[in-house]
Amino acid sequence: MEQFEFILVVLACVGLSSVLDHVVEKVSLPVLQVILSLAASVLVPGVREARVESELFLVLFIAPLLFNETREVDPRRLWQSRGDILSLAVGLVVASVLAVGYVLHWLVPSIPLAAAFALGGALGPTDAAAVTALKSSVNLSDRQTTLLSGESLINDASGVVAFQFAVAAAVTGSFSLASAAGTFLVLFAGGIAAGALLGVALSAVIRLLEDLGLEDVTSHALYELLAPFLVYLVAEALHVSGILAVVAAGIVMAASRPRFHSTFEARRSLVSGSLWSVVSFLINGTVFVLLGMQLPHVAAPGLADGLVPAQVLGVILAVAATSVLCRLLWVYALEVAHRRRGESLCGRSGSALHDALVTTVAGAKGAVTLSIAMTLPATVEGGAPFVGRDLLVTLAAGVILVTLLAADAALPRLAPQPADDGSLGRERRRATMAVLEGTAAELARMLEEEPDADHAPAVRFVLDRYQMRMATERLEDADVADANRAVEREEFRRQAQTLNRLHARHVRTRSEQDWKEHVRWLRFVRHLVGYQGRMEGVVPRGHALGAAAATLVRRSAHVARPDGRPDDEEFARVFGQACIYAIELEYASLDYFDEVIATGDAAQAKAARIRRDTHEQLLRSLWSWLNYGRDVPVDSDEAYALPYNLLTHEFAPRFGEHLAKAREYARDVDATALRIELDVIARLQAEGQVSRHVAGELREDVYLLQMSEE
């Protein structure tokens, strides 16, 4: 298979997994990715034969993954737990290498002991990110989270170093403990020193560029993305550990990173975080997809050193059990030692064995392990094949899958989340509703007390969107979710029936093409007043909304001209008719809501009342568009008279001027509304109606919207 096609298949599996992750609730994302890639390897010809250069795995996958992990760590907590983290990340890795190596060599004597030790080194790293990706609700203590994060950060490096030593011994056929110890010291200390110096240098360069005004948000994100590759390659050129260098550089750069002292720094942090979130997801997903594609090799004839698939499965389970048992004994011993001093390693209140078991199961293997295993060389010195290379990669993939499945199945039972009574969600909804109501009330006051002919159309549009958001929040807080879904389904059907009648009426005097033009604008009108999701879909999509918006800009600009043009009148006719059709759809909804309120059960009637209030507001807004520029009282019968001739369909209202002003001032009004939201949040917090935590979450949402408006 061509490399490009192979990459497309991998990315397709990663993308599809992100969709299924929202549908399949009880299966973790890594397991989904493995299943999808396994299916792809069976169904898509050539996938199993595709290979990625093993030399690229460390630099392409492990380096950026480790660098990203350093962005999330708390250096203070890591330092406080340094002894335990080093014990798990170094001592436990060494013990696991020995245990796994001897067990594997005993089970499969054809695998040299050095090669078996290499697998033990590859299985040393744990993957905290894989555990956090589990869909099951898991309650880990802060202490356990710190231990797992710190351990996975450092044992990646120690596992890689142990793996490299074992591979060197397997390739050369010789091993000297004294020489290995000296080399290890050079690699370990040299890698940390080189990484720290490079981290300081890179931070200094970034600050210098910023001081000179040569750095922007985009370039900074690019610098961070390139940093792990640069550090790794420089460290390897100096013959020290590139992995340790990346870890050290990441910690130094994270510690020296300014924290929101200016809007530029806040924006830079947001962009950087978003970029690394995408990169980390792609890398982790790609590695798990490659894992799934590796699994069919188990059944390949002659691949597993003469072992049949059942024997390979037995070896996988034995190696996984050895690794888990070694980890359990180590963690249990540490926990007992801590409890004798009146402390707790895991920070939980259960028995020592239970707490140790939770921490053990949470140390699942993941992307780093497979990345390391894939770097096994194909040959040894002299050109002979590396004995058991494919079997070792298969065993690594199998152990990863076993530990992930074990964590997915056992952690929710060993450390379940406490029952959630929904109080926090209700508080958040009530706070959101209060903020929306306060903001909408202020926008309505602006229309009534401070009329501004230029800003009024834009204010009406923004107010409509707030009304729709308020209706959504009311329905979520009213505990009528099931009833609301039933009401919405029937409303959808009633509006669709009304639209079909409008279609039949329209084509009596106009062409089908003219109807399609009206439908395009009808959908756009409903989008303007806040329709989203399924209810927006009552009107067929037809042409893209962007095309309609572009046409709106062009035609509204023409309408605003005083010289009047034929297409201006045509636009007024089409857009005005679309508004009329939107009004008729609203009346259909109101008639249905009246039926439900009169004859439906209590829950459906409650949902219908909430929806009716919102649709009445939308109806008033649509009529205000039609009456824009007409000197009529809003509450008079004349204000609700259709301003066009039913026989000739001739329109002459000032729609173009209305829409042109709305578009011109929409950004200003949106910014004003967001500032009002912040003022309302501050007032509610000062009055004690909203907790500090919820107020902070609401402010963060507003800040993101403000940044998107810039």
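Cut-offs used in this document
Residues numbered from 1 in each chain as written. Predicted model: local features only at pLDDT ≥ 70, side-chain atom pairs only at ≥ 80, totals over all residues. Heavy atoms only, no water. Axes fitted to C-alpha atoms, helices over the stretch in contact; angles between N-to-C directions. Helix = DSSP H or I, 4+ residues; strand = E, 2+ residues; numbered from the N terminus. Parallel < 35°, antiparallel > 145°, perpendicular 65-115°, else oblique. Left-handed = near helix turned anticlockwise from the far one by under 90°. Contact = heavy atoms within 4.5 Å. Nonpolar A, V, L, I, M, F, W, Y, C, P; charged D, E, K, R; others polar. Patch = residues over 30% accessible without salt bridge, like charges linked within 9 Å, V, L, I, M, F, W, Y side chains within 5 Å. Areas by Shrake-Rupley, 256 points an atom, 1.4 Å probe, with all protein chains shown as cover. Salt bridge = Lys/Arg side-chain N within 4 Å of Asp/Glu carboxyl O. Buried < 20%, exposed > 50% of the residue type's maximum accessible area, 1.4 Å probe, protein only. Phe/Tyr/Trp six-rings, centres within 6.5 Å; stacked < 30°, edge-to-face > 60°. Lys NZ or Arg CZ within 6 Å of the ring centre and 35° of its normal. Expected span 1.5 Å × (residues − 1). Bend = angle between axes of the 7 residues up to and from the residue.

**Quick look at the packing of helix H19 (residues 481–506) against helix H24 (residues 602–626)**
Interaxial distance between H19 and H24 falls to 8 Å at its minimum, and their mutual angle equals 55 degrees. By the angle class used here, H19 and H24 are oblique. As H19 packs across H24, the resulting crossing turns out to be right-handed. Residues Ala-483, Asn-484, Ala-486, Val-487, Glu-488, Glu-491 and Gln-495 of H19 form the contact with H24, whose own contacting residues are Ala-603, Gln-604, Ala-607, Arg-611 and His-615. Each residue belonging to the contact of H19 with H24 can be placed in one class, and the counts come to five nonpolar, four polar and three charged.

**Quick look at a nonpolar patch on the surface**
Together, Ile-7, Leu-11, Val-278, Phe-281 and Leu-282 line one region of the surface with nonpolar side chains, adding up to about 400 Å² of accessible area. Of all the elements, helix H12 (residues 263–294) adds the most residues to the nonpolar patch, at three residues. In this structure, Phe-281 sits in helix H12. Owing to a relative accessible area of 31%, Phe-281 belongs among the partly exposed residues under this scheme.

**Points about the packing of aromatic side chains**
Overall, the coordinates contain five aromatic pairs when judged by the stated rule. Plain terms: the ring middles of Phe-67 and Trp-276 are 5.6 Å apart, the flat faces sit at 40 degrees to each other, and that makes the pair tilted. Of this pair, Phe-67 sits in helix H3 (residues 54–72) while Trp-276 sits in helix H12, and the two are 209 residues apart along the sequence. Neither Phe-67 nor Trp-276 differs from the other in exposure class; each is buried. Relative to Phe-593, the ring of Tyr-592 lies with its centre 5.9 Å away and its plane at 50 degrees, an arrangement referred to as tilted. You'll find Tyr-592 and Phe-593 in the same group, each marked buried. We note Arg-469 situated over the ring of Tyr-466; from NZ or CZ to the ring centre the distance is 5.2 Å.

**What to know about helix H14 (residues 352–361)**
Counting buried residues along H14, seven of its ten residues qualify, which places the element largely inside the surrounding structure. Residues of H14 that are buried: Ala-352, Asp-355, Ala-356, Val-358, Thr-359, Thr-360 and Val-361. Each element contacted by the buried residues of H14 is listed here: helix H8 (142–172), helix H13 (309–340) and helix H16 (389–414).

**A closer look at the side chain of Ser-272**
Relative to the elements of secondary structure, Ser-272 occurs in helix H12. Beyond its immediate stretch of four places on either side in the chain, Ser-272 contacts Arg-71 and Glu-224.

**Re the environment of Glu-427**
In this structure, Glu-427 sits in helix H17 (residues 423–449). We classify Glu-427 as partly exposed; its relative accessible area is 23%. Residues Glu-427 and Val-690, spaced 263 residues apart in sequence, show a C-alpha to C-alpha distance of 7.9 Å. Excluding anything up to four places from it in sequence, Glu-427 contacts Ser-691 and Val-694.

**Things to note about helix H5 (residues 82–107)**
With 26 residues, H5 should reach 38 Å at 1.5 Å per residue; the first-to-last C-alpha distance of 36 Å fits that figure. Of all the bends in H5, the greatest, near 30 degrees, is centred on Leu-92. The complete set of buried residues in H5 reads Asp-84, Ile-85, Ser-87, Leu-88, Ala-89, Leu-92, Val-93, Ser-96, Val-97, Val-100, Gly-101 and Leu-104. Where the residues of H5 are buried, they touch helix H4 (75–80), helix H6 (113–122), H8, H13 and H16.

**Things to note about the pattern of salt bridges**
What the rule picks out here adds up to 19 salt bridges. The partner of Arg-428 in a salt bridge is Glu-697, and the shortest N-O contact between them spans 2.8 Å. With Arg-428 in helix H17 and Glu-697 in helix H26 (residues 692–709), the pair connects residues that are 269 residues apart, well separated along the chain. In this structure Arg-428 comes out as partly exposed when scored by relative accessible area, which is 25%. Taking the shortest distance from any N to any O, the salt bridge between Glu-488 and Arg-611 comes out at 4.0 Å. Of this pair, Glu-488 sits in helix H19 while Arg-611 sits in helix H24, and the two are 123 residues apart along the sequence. Residue classification places Glu-488 among the partly exposed positions, given a relative accessible area of 22%. Owing to a relative accessible area of 9%, Arg-611 belongs among the buried residues under this scheme.

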